Amino acid sequence: MIKKFKIHKDDTVQVIAGKDKGKRGTVLGLVSKKDAVIVSGINIVKKAMRKRSQQDQGGIVEIEAPLHISNVAIVCKKCGVTKIGYKIDGDKKLRVCRKCGEAL
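Residue positions within a chain follow its written sequence, with the count starting from 1. The predicted origin of the model limits local features to residues at a pLDDT of at least 70 and limits the giving and counting of side-chain atom pairs to 80 or more, whereas totals for whole chains, interfaces and linings rest on all residues. Processing note: side-chain calculations cover all non-hydrogen atoms of the structure and skip hydrogens and water entirely.

J.: Would you take a moment to explain the packing of aromatic side chains for this structure?
T.: For any pair of aromatic rings, the description consists of the separation of the ring centres together with the inter-plane angle of the planes. The rule is short: rings of Phe, Tyr and Trp, with Trp giving its six-membered ring, pair when the centres are within 6.5 Å, and they are stacked under 30 degrees, edge-to-face over 60, tilted in between. Following the criterion strictly, the structure yields zero aromatic pairs and no others. One residue, Lys93, lies across the ring of Tyr86, its end atom 4.6 Å from the ring centre. Two conditions define a charge located above a ring, namely a distance within 6 Å from the ring centre to NZ of Lys or CZ of Arg, and an angle within 35 degrees of the ring normal.

J.: Help me out: how do you make sense of the sheet that holds strand β1 (residues 12-15) in this one?
T.: The strands making up a sheet associate through hydrogen bonds between their backbones, and the pairing can be parallel or antiparallel. Pairs of strands are assigned from DSSP output, requiring at least two bridges between the strands. The numbering of helices and of strands both runs from the N terminus, where a helix is a DSSP run of H or I of at least 4 residues and a strand a run of E of at least 2. Read from one edge of the open sheet, six strands run β6-β3-β2-β1-β7-β8, paired in antiparallel fashion. Of all strands in the sheet, those with a lone pairing partner are β6 (67-68) and β8 (80-81), marking the two edges. With two bridges joining them, strand β3 (residues 36-39) and β6 adopt antiparallel strand pairing. What sits directly across from Ala36, in β6, is His68.

J.: Can you help me understand the side chain of Arg95 in this one?
T.: Within the secondary structure layout, Arg95 lies in strand β10 (residues 92-97). Engagement of the side chain of Arg95 in a polar contact is seen with the side chain of Asp11, the distance being 2.9 Å. Leave out the neighbours within four places in its chain, and Arg95 touches Lys6, Ile7, His8, Asp11, Ile74, Ile84, Gly85, Tyr86, Glu102, Ala103 and Leu104. N or O atoms closer than or at 3.5 Å make up a polar contact, with two conditions inside protein: a donor-capable atom paired with an acceptor-capable one, and, for residues adjacent in sequence, both atoms drawn from side chains. The contact definition used throughout considers only heavy atoms, calling two residues in contact when any of these lie within 4.5 Å.

J.: Quick question: what am I supposed to make of the environment of Ala36 here?
T.: Tracing the backbone shows Ala36 in strand β3. Placed 34 residues apart in sequence, Ala36 and Ser70 show a C-alpha to C-alpha distance of 8.2 Å. With near-sequence residues (within four places) excluded, Ala36 lies in contact with Leu30, Val31, Pro66, Leu67, His68 and Ile69.

What follows is the structure, given as structure tokens:
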């Protein structure tokens with residue numbers, strides 16, 4: 001079963017809980033098994049990486065770790081942090097801002 005999330009790839013989100021609370025970034029990907037999102041520049045962790053080839057550099061690298069989807073909120077261009085509503089436009093279902101009604 002594929003889970004459906006209101007937040008999609010390339011959405012701008014703000015962290016509302018955790019060590020990076022208040023920071024904004026764009027969604028790089030979704031991890032549906034963990035109900036998590038990966039946000040650019042948020043929840044940076046150090047990870048020991050093994051050399052994969054002769055040219056590849058091993059060592060400790062900093063990567064973005066997944067955040068639970070409940071800890072992020074979508075950001076509207078007009079009004080800031082908001083919730084997502086839906087509007088049916090003909091045969092298309094659009095995600096809209098609950099505050100101003102603009103399409104996200």
